[in-house]
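Observations on the model geometry
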There are 2 protein chains.
Amino acid sequence: MDYVYFFGGGEADGSEDLKDILGGKGANLAEMTNIGIPVPSGFTISAEVCQYYYRHDEEYPEDLENEVERNLKRLEEVNDKEFGDSDDPLLLSIRSGAAVSMPGMMDTVLNVGLNENTLEGLVERTGNPRFAWDSYRRLIQMYGEVVKGIEAREFDLALEKIKEEKGVENDTELTVDDLKEVVDKFNEIYTENLNEEFPTEPREQLWGAIDAVFGSWNNPRAKKYREINDLPDDALGTAVNVQTMVFGNTGKNSATGVAFTRNPSTGEKKRYGEYLKNAQGEDVVAGVRTPKDIKTLQDEMPEAWEELEEIFQKLEEHYKDVQDVEFTIENSDLYMLQTRTGKRTAKAAVKIAVDMAQEGLIDKETAIGRIDPETLDQLLHPSFSEEAEKEVLANGINASPGAAVGKVVFTAGEAVEKRDNGEKVILVRTETSPEDIDGLEAAEGVLTSRGGMTSHAAVVARGMGKPAVAGCGALEIDYEAKEFQVDGSTVKEGDYISIDGTTGDVMLGQVPTVEPKMGESFRTLMKWADGVRKLGVRTNADTPEDAGKARDYGAEGVGLCRTEHMFFGDERLPYIRQTIMAEDREDREQYLSELAKFQKEDFEGILEEMEGLPVMIRLLDPPLHEFLPDSKEEVEEFASKAGKPPQEVTDKLEELEEFNPMLGHRGCRLGITMPEIYEMQVGAIIRAAVNLREDGVDALPKIMVPLVGEPQEMKQVRNSIEKKADEVLSSLNSDLDYEIGTMIEIPRACLLADEIAEDADFFSFGTNDLTQLTFGYSRDDAGKFLDEYLKKEILEKNPFETLDDKGVAKLMETGTELGRSANPNLSVGICGEQGGDPDSIEVAREIGLDYVSASPFRVPIARLAAAQMELD
Amino acid sequence: MDYVYFFGGGEADGSEDLKDILGGKGANLAEMTNIGIPVPSGFTISAEVCQYYYRHDEEYPEDLENEVERNLKRLEEVNDKEFGDSDDPLLLSIRSGAAVSMPGMMDTVLNVGLNENTLEGLVERTGNPRFAWDSYRRLIQMYGEVVKGIEAREFDLALEKIKEEKGVENDTELTVDDLKEVVDKFNEIYTENLNEEFPTEPREQLWGAIDAVFGSWNNPRAKKYREINDLPDDALGTAVNVQTMVFGNTGKNSATGVAFTRNPSTGEKKRYGEYLKNAQGEDVVAGVRTPKDIKTLQDEMPEAWEELEEIFQKLEEHYKDVQDVEFTIENSDLYMLQTRTGKRTAKAAVKIAVDMAQEGLIDKETAIGRIDPETLDQLLHPSFSEEAEKEVLANGINASPGAAVGKVVFTAGEAVEKRDNGEKVILVRTETSPEDIDGLEAAEGVLTSRGGMTSHAAVVARGMGKPAVAGCGALEIDYEAKEFQVDGSTVKEGDYISIDGTTGDVMLGQVPTVEPKMGESFRTLMKWADGVRKLGVRTNADTPEDAGKARDYGAEGVGLCRTEHMFFGDERLPYIRQTIMAEDREDREQYLSELAKFQKEDFEGILEEMEGLPVMIRLLDPPLHEFLPDSKEEVEEFASKAGKPPQEVTDKLEELEEFNPMLGHRGCRLGITMPEIYEMQVGAIIRAAVNLREDGVDALPKIMVPLVGEPQEMKQVRNSIEKKADEVLSSLNSDLDYEIGTMIEIPRACLLADEIAEDADFFSFGTNDLTQLTFGYSRDDAGKFLDEYLKKEILEKNPFETLDDKGVAKLMETGTELGRSANPNLSVGICGEQGGDPDSIEVAREIGLDYVSASPFRVPIARLAAAQMELD
């Protein structure tokens, strides 16, 4: 078994295909070598060593040391230099690289192999003592921080102090002697912290760095990242890349940078990135100096730019996707240090996929498959209203698009705490680090005063689909005072700000937002998706506005229109309350006839928006007590208006009170015991549809009975619906095609679905309640244990977010099979909230449902997810 | 098609086998005729006519009149008398008779064929004008009441008035002239009420009576009876029996009576019944005169007695069961007017079945099948404590055994109303009638001042298994004043009384009751049943007392021991509350260690009572808020004792409050999020068992995890139980066999039962919660619609009383099959409350469960029901 894979001299042991064992970085270094792209030679220690390491009590395989030595020898031969040689030393960079890139894991130690001896050789060979000493101080700091865990701040402060003493602003201005002073100081910090000398033996440095990479696989931040991203802990481990150093810090003809082959924020086909001259890689990412736009490279180093441009093209053609690269220019020679698939915003992803398909680089199916449906959510979320008055405080880098509004917090901890209290927050930091991951997750968006497009904050925010404004230098953050100053004004913790990740604007207060518009690429992609998918996509909408929006997003009808929300308006609530309080049927019908007028309008609006498409209207579902006032004041107010003693209202409240309302007197149970309400609703639906039809609008109402658990319920309610509808139609001297079906949300309904289907034209799985009952969880209460269940891995996913494919899906399968066995024309769909979740849609497709119904924003997600399933 | 079946002259067209069309009465009259028992000849109009009648708009089949005429002719020939003949008239009795005897249906019209003409013939032939006129006044009254619906009270009052005027006490003392006066008066009442003359045409009388019988099938009382007894309205209808009159009212050598071949109250093998000399049948049943004990007939009419005794023997040998007969002695000649299977108390049923099996009359299997398991309940209910002080107000006839305590009510309406308010009542009436059926059902017991063992109140109460004291003549009931006087003291409506249906005692106040002892017949029957049944029977018991009682009743272990009730004692509650309020694990464990001591004792007690039998102990199930105080006073009291600010308690209450506690943070969810409680309980169980074992007691604990819905829950809880048990056992330096299993009460658990069974030694279906979740009904709230669901026939039965054999049973079947497929040794039972219901036990057996667990009182019911199923 080979543990070490060499690359260099135009060929490599590995290739792109070995990502699992070489990690993404190692595999792509091998691949780039193979396709003739200039890559500093090196070797990759495979991730299998990492697995071995953890399975054998942190011991390496016996052969490893020999293998490393053999490859080191080969590297020395390719470079014609010796590791540790005091004349012309080979220096190495050591970098981690898992199959999946993982922030928080140990990343990079550069300049390994330097000590006072080899440094002399380096000085002699390069004639550049400044560069050599700069490289040395970097080695001590990186080794100290990354391998030994000394706080970065200690080194940074020491460097700042010396810079101050020397009166210089940038580290590039420090002289050789200054840098020697820095090295002494850093050595001191190292010894103080660790009670040992910085190791000057090159092989000790090398193995120290290798140990650190493997060790970092299991550090808390890496574990947290895997948890958030649903990656198993026992995944493939990390590889270690040992590579010949090339130097961006040798002087003015040297530089280092990062770039994307296309804009990862907008998707535009323009090179995108940053570089720093006379710097090493970490300077760009850490945001120590503000880097320059990659486009300026064309002017500053035209040859290098041209070569880079050719490589970009080659990479896109080879990888068929946007690449995110690191490069170094050492004395005008360009080296590629890394390439990987570029992370991008959802907007960019859509544009890039569609563009590439249209360029002929990929086919349409690939384009469809390229987009994670979940990310479309970002595209459909609000942006700031253009008309709104905005008090723009400052402008930073538009690092992750979108609009976020929230209260200012300055620490990740605060962000989490406030979020848990239901508050919306914006995390404001000078810069963020992997420790802040919880806080980034908790915040609506992130604002930093330092760093650029590729800073930690920017990368993470884009990954999470959250707005970010980075490098907003005008901000002066005072963590102690919990405030920031900007242009003379002070913003304190808890003050509202609004950040626009699309423009980089930072605004005071809560700026109003507007609905997004869908771009052309988006519409093109969705059209392609619709051409592929077989599962129907409808929407859950209770208002004409929602119905209209959803139709615009591609909904093929309303899968669930809840009628209870329609009773809550100020004009309406008194009537439903009077209905509940009514003493007899006659009294009740009088108030209901008032409500009927509102209901008819409601239904007309929705049916009109969905002209030609089915609209499934659910009859009243919640228990009546939800409509009664509950505070003492409200009771008194209502009683006085209704001309009743407050006691009567209180008595009714008590009468209707329930121990477990979820399992109580609601849904069709109410329809059966108090049939007037359903009769009113049915009358309003029929009248609305007839009205529209007379105006030439093709209204397609489907009446949905909630909470059926027994075939007799369906039979009796269907009978009374038909009776009422016939009555209304004959009074209108009209006729109408309409359907009657039921929500399937009671486990027993799934088990007796064949009998129920005899009286139902359609089934719509109400997966919210079905999940509650199948698990015995109250959605309102389950928070008390669900988090812990997820943490303890009792449940893999929250079943209210992703349909349970073991229990609930089994009942749905039974219900669908039985239902169709009795009624082959039965249409079957799903209208619970999971209907917009891709994993749940997959379950729906496997069961063989006809459609899913999702909230308007999630309609495009459902369309895309359904298309991807067909392609899989 | 024959509509009319003749019997007489030693042979009959029909037989016992034609019960469905001849009704019980008609079939048995035919059968008795066939086996040579003296029966007045007659014919039966079949129940098919009744069906025809209702299906054809109350018209008779065309042929019917001719058929009746033909049979009437035959009857005249057999009797050598003519119907309507003024010389020697044939008189008839007309009686209803359905396949199932049905109180409230029209019963009997006697003396049909009498008028002023035929009366003269009767006088001449019998030389007994008193008898003839007595018969005539009876005809007018019965015809008026039964056929025409005149209120009985009108005739009764008129008769009473004349008796008063004549200064006589009994109607037998009235002279011929007095009786003529009665007849005049009765004719007057008849005419006043109906605006028509009493029909003197014999055939008009005959058809009037026949019409009335068929018409009474659908009167409200008969319908009510069918509703209460779960008989379909479209059942077989009633037949009409037209039979030659024999007369018990011809003088001193005549009598009429009713009797049982064995005592229907105790089951003793002694003839039992009552008779009246010189009377017609209705006098005995109506309780007009207080009848004599049948045993005195031996002295008074020895020949008739001897003949009767022979007939009794013949009937029991023929029918293989206790017979309930009506007889008439006409001038020393004995005639049997009816025989039917005797209704009996549960106690009597058991004794009779066992005695008959031991006498060789029936086999053991038949004996087992004879007892309705539900009725055993009566045998196991309390009787009055012998030591209790009793203020006996009066003594009546011990008409239906058992002890009842309740508030006095005087009308059926009051009884229903108070019962609905949750009060216990005793219905006190001079006598009861079919109109009182609702009230009898609502009352704990019934007390009447008139009537005997076979009075309406007595018969109905025995059927319902309710205590009754009848004919308690010392009571003077004043309905208007709503009170009764007895021996100088006054008892008002709402006062408590206690009645002892076993002794006939009526006592003031609430007399304490004691547990019943099981008789030898009962034990014998149960032993036979145990020999037959295959399904195990365990008990639900939370205390050593219950466990002991249940073991005495034959429980083969504890199927469900709920531990939460053990926390409610005054000594214990503070500790569980402190546990809930504890700030950290350490704090919590301190309080739990106090509770552990109590728990260990609890478990020791139960395990000891059930020595050698399994005891399934369910770990804590309810949500924690159930243990916290809820009134302001209680909160303050607890807070002050616990040394905490009341606000802290209130805050905790709010924190723990749930919208739907049934679906909340309880069961193993609590065991997982707060593992200390289960650990405490497991420790206490293990310690208790080890302790007992050291004392040589074979303790068999089985630890049951509640509310598992996900295999991972079972796995993790099982692991932590085993860990704790190992810890305790190793600290005790001991070992122990115990099992770990789970309640299956979440639908999802049924669907994933195979995975769960990998970590479970047993399943116990918790059918209460499983029913709640499968239907989506909260048991606490479902009352709001369940009654209406039953009334509207949406549900056939209350699923919380009888296991739903369509939905819930389907899930149980899935759960059982999957569970056993993964773990062939899995023991599977049921421990919900339906476990003691015979229909539910049948479902359990069909699914193939190993055992059912029932409350102690229902253990014998379950044993018997399980045996009967094997015999079916």
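Residues numbered from 1 in each chain as written. Chains lettered and ligands numbered in written order. Predicted model: local features only at pLDDT ≥ 70, side-chain atom pairs only at ≥ 80, totals over all residues. Heavy atoms only, no water.

**Some words on helix α1 (residues 19–34) of chain A**
With 16 residues, α1 of chain A extends just 15 Å between its outermost C-alpha atoms, more than 12% less than the 22 Å of an ideal straight helix rising 1.5 Å per residue. Where α1 of chain A bends most, the angle comes to about 80°, and this point is Lys 25 of chain A. (Helix = DSSP H or I, 4+ residues; strand = E, 2+ residues; numbered from the N terminus. Expected span 1.5 Å × (residues − 1). Bend = angle between axes of the 7 residues up to and from the residue.)

**So, the environment of Lys 517 of chain A**
Residue and element names in this part refer to chain A. Mapped onto the fold, Lys 517 is located in the loop between β26 (513–514) and α19 (520–532). Residue class for Lys 517 comes out exposed when judged on its relative accessible area of 79%. Between the C-alpha atoms of Lys 517 and Leu 379, which are 138 residues apart in sequence, the distance is 8.3 Å. (Buried < 20%, exposed > 50% of the residue type's maximum accessible area, 1.4 Å probe, protein only.)

**Notes on the packing of helix α4 (residues 116–126) of chain A against helix α5 (residues 129–147) of chain A**
All names here are of chain A. Here α4 crosses α5 at 150°, and the two axes come no closer than 8 Å. As α4 runs across α5, the sense of the crossing is right-handed. Together, Glu 116, Leu 119, Leu 122, Val 123 and Thr 126 of α4 and Pro 129, Phe 131, Ala 132, Trp 133 and Tyr 136 of α5 make up the contact between the two elements. (Axes fitted to C-alpha atoms, helices over the stretch in contact; angles between N-to-C directions. Left-handed = near helix turned anticlockwise from the far one by under 90°. Contact = heavy atoms within 4.5 Å.)

**Observations regarding the side chain of Gln 323 of chain B**
All names here are of chain B. Within the secondary structure layout, Gln 323 lies in strand β12 (residues 323–330). The exposure class assigned to Gln 323 is buried, which follows from its relative accessible area of 1%. At a separation of 3.5 Å, a polar atom in the side chain of Gln 323 contacts the main-chain amide nitrogen of Arg 340. Setting aside its immediate chain neighbours within four residues, Gln 323 contacts Ala 259, Phe 260, Thr 261, Leu 315, Thr 339, Arg 340, Thr 341 and Gly 342. (Polar contact = N/O pair within 3.5 Å; in protein donor to acceptor, adjacent residues only side chain to side chain.)

**Thoughts on the packing of aromatic side chains**
Residue and element names in this part refer to chain A. Scanning the entire structure with this criterion turns up 38 aromatic pairs over all chains. Pairing Tyr 53 with Tyr 54 gives two aromatic rings, centres 5.2 Å apart and planes at 85°, and the pair type is edge-to-face. Judged by relative accessible area, Tyr 53 falls into the buried class, the value being 8%. Exposure remark for Tyr 54: the relative accessible area of 26% places this residue in the partly exposed category. Between Tyr 575 and Phe 598, the ring centres sit 6.4 Å apart and the planes meet at 40°, which makes this aromatic pair tilted. Placement of the pair is Tyr 575 in helix α21 (residues 573–581) and Phe 598 in helix α22 (residues 585–609), with a sequence separation of 23 residues. (Phe/Tyr/Trp six-rings, centres within 6.5 Å; stacked < 30°, edge-to-face > 60°.)

**Considering the sheet that holds strand β23 (residues 489–492) of chain B**
All names here are of chain B. With antiparallel pairing, the three strands of this open sheet are ordered in space as β21-β22-β23. Of all strands in the sheet, those bounded by a partner on one side alone are β21 (476–478) and β23. Recorded for the sheet is a direction-independent mean angle of 20° between the axes of neighbouring strands. Relative to strand β22 (residues 483–486), β21 runs antiparallel, the two being bridged by three bridges. Bridge pairing in β22 links Ile 477 to Phe 484. (Pairing = 2+ DSSP bridges.)

**Focus on a negative patch on the surface**
Residues and elements named next belong to chain A. Where like charges cluster on the molecular surface, the negative patch consists of Glu 227, Asp 230, Glu 441, Glu 793, Glu 796, Asp 805, Glu 813, Glu 817 and Glu 846. Assignment of secondary structure puts Glu 846 in helix α33 (residues 838–847). What makes Glu 846 exposed here is its relative accessible area of 61%. (Patch = residues over 30% accessible without salt bridge, like charges linked within 9 Å, V, L, I, M, F, W, Y side chains within 5 Å. Areas by Shrake-Rupley, 256 points an atom, 1.4 Å probe, with all protein chains shown as cover. Salt bridge = Lys/Arg side-chain N within 4 Å of Asp/Glu carboxyl O. Lys, Arg positive; Asp, Glu negative; His and termini not counted. Charge placed at Lys NZ, Arg CZ, Asp CG, Glu CD.)

**With respect to the nonpolar core**
Counting 315 residues, the largest nonpolar core has Leu 525 of chain A together with Leu 525 of chain B as its most contacted members. Not counting residues within four places of it along the chain, the set of residues in contact with Leu 525 of chain A comprises Val 350, Val 354, Ala 367, Ile 368, Ile 371 and Leu 864 of chain A. Counting 66 residues, the second-largest nonpolar core is a separate cluster that includes Leu 90, Leu 91, Tyr 136 and Ile 140 of chain B. (Core = buried A, V, L, I, M, F, W, Y, C linked by side-chain atoms within 4.5 Å.)

**Some remarks on the pattern of salt bridges**
Residue and element names in this part refer to chain A. Applying the stated criterion across every chain, the model contains 134 salt bridges over all chains. We note a salt bridge from Glu 414 to Lys 418, for which the minimum N-O separation is 3.4 Å. Residue Glu 414 and its partner Lys 418 are both found in helix α16 (residues 412–420); the two are separated by four residues, about one turn of the helix. For the pair formed by Glu 414 and Lys 418, the shared burial category is buried. Among the salt bridges present, the one from Asp 602 reaches Arg 572, with a minimum N-O distance of 2.8 Å. One end of the pair, Asp 602, is in helix α22; the other, Arg 572, is in the loop between β28 (558–562) and α21, with 30 residues separating them in the sequence. On the basis of relative accessible area, Asp 602 is assigned to the buried category, the value being 13%. According to the relative accessible area criterion, Arg 572 is buried, its value standing at 14%. Salt bridges here are not isolated pairs; linked through shared partners, they connect Glu 564, Arg 618, Asp 621, Arg 666 and Asp 769.

**Points about the pairing of strand β18 (residues 425–429) of chain A**
Residues and elements named next belong to chain A. Among the five residues in β18, five count as buried, and that is most of the element. Two strands pair when backbone bridges link them, and strand β17 (residues 403–409) and β18 are joined in this way by three bridges, in the parallel orientation. Paired with Val 409 across the strands is Leu 427, a residue of β18. For the segment spanning β17, α16 and β18, crossover handedness is right-handed. Pairing between β18 and strand β19 (residues 445–448): four bridges, direction parallel. What sits directly across from Ile 426, in β19, is Gly 445. (Right-handed = clockwise from strand over helix to strand, strands pointing away.)

**Concerning the interface of chain A and chain B**
By a frequent convention, interface size equals the accessible area lost on bringing the separate parts together. In this assembly, 48 residues from chain A lie in contact with 48 residues from chain B. Between chain A and chain B, roughly 4400 Å² of surface is buried when both sides are summed, and carbon and sulfur atoms account for 56% of that area. Of all residues in chain A, Leu 663, Arg 748 and Lys 784 of chain A bury the most surface against chain B, accounting for 14% of the area lost on that side. Among the salt bridges present, the one from Asp 804 of chain B reaches Arg 748 of chain A, with a minimum N-O distance of 2.7 Å. In this assembly, chain A and chain B are joined by 32 residue pairs in polar contact (both at pLDDT 80 or more). Taken together, the elements giving at least two residues each to the side of chain A that touches chain B come down to α24 (646–656), α25 (668–673), α27 (711–732), α28 (747–751), α30 (767–775), α31 (783–791) and α32 (808–822) of chain A. When its residues are assigned to classes, the side of chain A that touches chain B shows 20 nonpolar, 11 polar and 17 charged. (Buried area = accessible area lost by both parts, 1.4 Å probe. Nonpolar A, V, L, I, M, F, W, Y, C, P; charged D, E, K, R; others polar.)

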